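# Understanding the architecture of this molecule
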Amino acid sequence: MIYVFDLDGTIVFNGQPISKIILQSLKKLREEGHEIIFASARPIRDMLPVIDKEFHDLTMIGGNGSLIWKEGKVIKSHTFPKKVVEELKELINLYQATYLIDGEWNYAYTGPKTHPIFHNIDPGKLAKQVNIDSLDKIVKVLLLTANDMDKLSEQVLKLDVFVHRHRNEDVIDISPKGIHKGSALKSLGIEENTYIVFGNDANDISMFEHAFHNVMIGSNEQLAPFAKESLSMRGDVEQAISDKILSLL
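Here's a quick rundown of the structure. Position labels on residues start from 1 in each chain and follow its written sequence. Local features in this predicted model are restricted to residues of pLDDT 70 or higher, and side-chain atom pairs are both shown and tallied only at a pLDDT of 80 or more, whereas totals for entire chains, interfaces and linings draw on every residue. Only hydrogens and water are removed before side-chain values are computed, so all heavy atoms of the structure are retained for them.

### Here's the deal with the sheet that holds strand β11 (residues 195–199)
Applicable threshold: In this description, strands pair whenever DSSP reports at least two bridges between them. Numbering of helices and strands runs from the N terminus, with a helix taken as a DSSP run of H or I at least four residues long and a strand as a DSSP run of E at least two residues long. Pairs of residues are marked as contacts when any of their non-hydrogen atoms sit within 4.5 Å. In this analysis an axis means a line fitted to C-alpha atoms, helices contributing only their contacting stretch, and an angle means the value between N-to-C directions, from 0 to 180 degrees.
With respect to topology, 8 strands assemble into an open sheet ordered β5-β4-β3-β2-β1-β11-β12-β13, the strand pairing being mixed. Single-partner strands in this sheet number two, and they are β5 (73–77) and β13 (230–231). Sheet topology note: the strand β1 (residues 2–5)/β11 ladder contains 4 bridges and is parallel. Bridging from a neighbouring strand, valine 4 pairs with valine 197 of β11. This element, helix α1 (residues 20–31), spans β1 and β2 (35–39) of the sheet and lies at about 135° to β2.

Following this line, the structure appears as structure tokens:
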């Protein structure tokens, strides 16, 4: 069986690396011959520091499906067409938006240092912060603040892109058209009903829809209709997640 794990809010908490208790259950999965895939909104450079080096050879889906890492290198990347990039830049200027924009490795950031996302950017110091115009390939855009987020969201939805609106964080998450975690799994040749997925947010819906089984961590009103099982965030969450992983063996 293939086990797919989102990171933040699922097996990674407060930006800290995966805990020892969860790592032990992941090791057990490998020992039993199961395949593990990590799938995150983070780009690969931000995934590596929170995943133990023992697992860096595993397949990773980054940027909500725009990047795929396998056997220690990026093997696939999906970028925005130049026309779409120019349209996004116009909207950014019009609505005075701040952003985190990811290239295949480097990034551009104009958001406040107090924003929750800031402390999760390049924690391993593996990349460079550059000007937006220095990113020749853009794989993901996260709009953080604007003078009118609702109107900005309406305009972004008119573009030829794939959009997640994270209302609990009030950010707009944008990927190239047709690119999401589910499409990345498909591009890896992973068929429906052949994997178990753990997730916690709307960007996991595309995986939950086609999984053999899925487990929602915490509660998310957008993801909940697709969840077959859920784990409460009360008590020792990491122990509960570890126990659930092992119980599914």
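So that's the structure; there's more coming.
### Description of empty space enclosed by the protein
Put simply, the test is: A cavity here means a set of points on a 1 Å grid, drawn over the protein atoms and nothing else, where a 1.4 Å probe fits but cannot get out; a pocket is an open set with protein on both sides within 12 Å along at least five of seven lines, and a residue lines either one if it has an atom within 4 Å of a point. Grid points are joined across faces, edges and corners, and a volume is the space filled by probe spheres set on the points. Polar here means any residue other than Ala, Val, Leu, Ile, Met, Phe, Trp, Tyr, Cys and Pro, which are nonpolar, and Asp, Glu, Lys and Arg, which are charged; Gly is therefore polar.
Counted by the stated rule, this structure contains 1 cavity of 30 Å³ or more. Within this model, the largest cavity holds a volume of roughly 40 Å³. What lines the largest cavity is simply Val85, Leu88, Lys89, Ile92, Ile101, Ile132, Ile138 and Val141. Here the lining of the largest cavity takes 4 residues from helix α3 (residues 82–94), the largest share from any one element. Taken together, the residues of the lining of the largest cavity break down into 7 nonpolar, no polar and 1 charged.

Worth remembering: the numbers are spatial, not functional.
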